[in-house]
Amino acid sequence: MLEIQKITKVYNAGTVTENRLFSDFSLTVDDGQFVSVVGGNGSGKTSLLNIICGTIPAESGDVLVDGQSISRQKDYQRCASMGRVYQNPALGTCPNLTMLENLSLADNKGRPFGLSRGVSKTRGAYFREQLAALGLGLEDKLNVKMGSLSGGQRQAVALLMATLTPLRFLILDEHTAALDPKTAEIIMALTDRIVREKRLTAVMVTHNLRYAAEYGDRILMLDRGRIVLDRAGQEKRDTSAEELFQLFSRAALDCG
């Protein structure tokens, strides 16, 4: 279980542009939940993910996994149990390395560094098997540099890399926003399948209200660092993209 307890986050503290985004913000995500997070710009969506992953600190409060605080852990330490896919496919992969080398880096995550070879030829068959499961024909491109692939192909590989080693939490930061509509549909279907097959706990930030309605089993709407909508189970399944748009528009008007 992932818990955010009474988090306070202030940007530009003590200046004329001070912004108190979160104030005593709390959230609990049960094991196996797939949570979609929506909200306008500046509502706190990406800041929430950054606090969970340890990319930015909070002024006060705590982040816990199974009741144990991880607030003092650096982001690279939290990566042992968390995988993250970014909006920009380039952030999750190394463009000047081949797909084999990228997958090898992900495969060695959490292991001690040494002078041994980073690429193991014996893992090639396993990588091809994992790539074939994506259904994008990438299994025959192991020796192609990542920078030569399309954005959708790179994002699919980034998703595979993020979940290649055993982990519990998958953090998705608008990971379909930079893709064309057809490719975005493919990546969302892959995401849903991977989350289900690996039984991950997932938190997905998205501006696509249809994806938020169709995927996952819980939906949150944030507005200026507050949760203004929280639906799960059947109530979430009954929520349509049209209703979400109406609620989103109402929150935007209230903000104005």
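Data block above holds the structure.
Residues numbered from 1 in each chain as written. Predicted model: local features only at pLDDT ≥ 70, side-chain atom pairs only at ≥ 80, totals over all residues. Heavy atoms only, no water.

> Got a minute to help me understand the overall build of the protein in this structure?
Regarding its fold elements, the protein presents nine helices and ten strands. The dimensions of the protein, computed from C-alpha atoms along their principal axes, are 55 × 40 × 35 Å. Put simply, of all contacts in the protein between residues at least 6 apart along the chain, 69% involve residues at least 24 apart. For the protein, the computed accessible surface area is about 13,100 Å², with 50% contributed by carbon and sulfur atoms. Each charge class in the protein can be summarised by its mean position, and for the 31 positive and 29 negative side chains these summaries are 6 Å apart. (Helix = DSSP H or I, 4+ residues; strand = E, 2+ residues; numbered from the N terminus. Contact = heavy atoms within 4.5 Å. Areas by Shrake-Rupley, 256 points an atom, 1.4 Å probe, with all protein chains shown as cover. Lys, Arg positive; Asp, Glu negative; His and termini not counted. Charge placed at Lys NZ, Arg CZ, Asp CG, Glu CD.)

> Would you take a moment to explain helix α3 (residues 99-107) for this structure?
Note that an α-helix has 3.6 residues per turn; residues three or four places apart therefore point the same way. Burial analysis of α3 places seven of its nine residues in the buried class, which makes it a mostly covered element. Of the surrounding elements, those touching the buried residues of α3 are α4 (124-132) and α5 (151-162). (Buried < 20%, exposed > 50% of the residue type's maximum accessible area, 1.4 Å probe, protein only.)

> I'm lost on α4 in this one. Help?
When α4 is considered as a whole, its buried residues turn out to be Gly 124, Phe 127, Gln 130 and Leu 131. In an axial view of α4, the angular spread of the buried residues amounts to 125°, which keeps them on one side of the axis. Elements that come into contact with the buried residues of α4 comprise α3 and α5. (Arc of directions from axis to C-beta.)

> Help me understand the pairing of strand β4 (residues 60-65), please; the structure alone is not making it clear to me.
Taken residue by residue, a regular strand's side chains alternate between the two faces of the sheet. When strand β1 (residues 2-11) meets β4, the two strands line up antiparallel, connected through five bridges. Bridging across to β4, Glu 3 finds its partner in Leu 64. When β4 meets strand β5 (residues 68-69), the two strands line up antiparallel, connected through two bridges. In the sheet register, Leu 64 faces β5, and the bridge partner there is Ser 69. The hairpin formed by β4 and β5 contains two residues between the paired strands, and Asp 66 there has a positive phi angle of roughly 55°. (Pairing = 2+ DSSP bridges.)

> What's the story with the pattern of salt bridges in this structure? I'm lost.
Working definition: two side chains of opposite charge can pair if their charged atoms are close together. The full count for this structure, using the stated rule, is 13 salt bridges. Between Asp 230 and Arg 218 there is a salt bridge, with its nearest N and O atoms 2.8 Å apart. Residue Asp 230 is found in strand β10 (residues 226-232), and its partner Arg 218 is found in strand β9 (residues 218-223); the two are separated by twelve residues along the sequence. Residues Asp 223 and Arg 226 are paired through a salt bridge, measuring 3.3 Å at the closest nitrogen-oxygen approach. One salt-bridge network, held together by shared partners, links Asp 31, Asp 66 and Arg 168. (Salt bridge = Lys/Arg side-chain N within 4 Å of Asp/Glu carboxyl O.)

> It is not clear to me how the sheet that holds β5 should be interpreted in this structure. Could you clarify?
Pairing between the strands of a sheet is mediated by backbone hydrogen bonds and can be parallel or antiparallel. In spatial order, the strands read β2-β1-β4-β5; together these four strands make up an open sheet with antiparallel pairing. In this open sheet, the two strands that pair with only one neighbour each are β2 (19-29) and β5. The sheet strands contacting helix α1 (residues 45-53) are β1, β2 and β4, and the helix crosses β2 at an angle near 65°. (Axes fitted to C-alpha atoms, helices over the stretch in contact; angles between N-to-C directions.)

> Whenever I open this one, the state of the cysteines confuses me. Can you help?
Disulfides are covalent bonds that connect the sulfur atoms of two cysteines. Tallied over the full model, the rule gives zero disulfides. With no disulfide of its own, Cys 94 has Cys 79 as its nearest cysteine by sulfur position, at a separation of 14 Å. The exposure class of Cys 94 is partly exposed, given its relative accessible area of 34%. (Disulfide = S-S within 2.5 Å.)

> Is there a simple way to explain the sheet that holds strand β3 (residues 34-39) in this structure?
The strand order across the open sheet built from six strands is β6-β7-β8-β3-β9-β10, with neighbouring strands paired in mixed fashion. Strands with a single pairing partner mark the edges of an open sheet, and in this sheet they are β6 (82-85) and β10. Direction aside, neighbouring strands of the sheet carry axes that sit 15° apart on average. Taken together, the five bridges between β3 and β9 define a ladder with parallel strand orientation.

> Quick question: what am I supposed to make of the packing of aromatic side chains here?
Working definition: an aromatic ring pair is given by the centre-to-centre distance plus the angle between the planes. For the structure on display, the rule yields three aromatic pairs. On the numbers, 6.0 Å between centres and 75° between planes, the contact of Tyr 211 with Tyr 215 is edge-to-face. Just as Tyr 211 is buried, Tyr 215 falls in that class too. Taking the ring centre of Tyr 11 as reference, the NZ or CZ of Lys 9 above it sits at 5.1 Å. In this structure, Arg 123 is placed above the aromatic ring of Tyr 126, and the distance from its NZ or CZ to the ring centre is 4.3 Å. (Phe/Tyr/Trp six-rings, centres within 6.5 Å; stacked < 30°, edge-to-face > 60°. Lys NZ or Arg CZ within 6 Å of the ring centre and 35° of its normal.)

> Looking at this model, I keep getting lost on the environment of Asp 223. Mind explaining?
Take Asp 223: it is sitting in strand β9. Once the C-alpha coordinates of Asp 223 and Val 38 are considered, the two residues, 185 residues apart in sequence, prove to be 9.0 Å apart.

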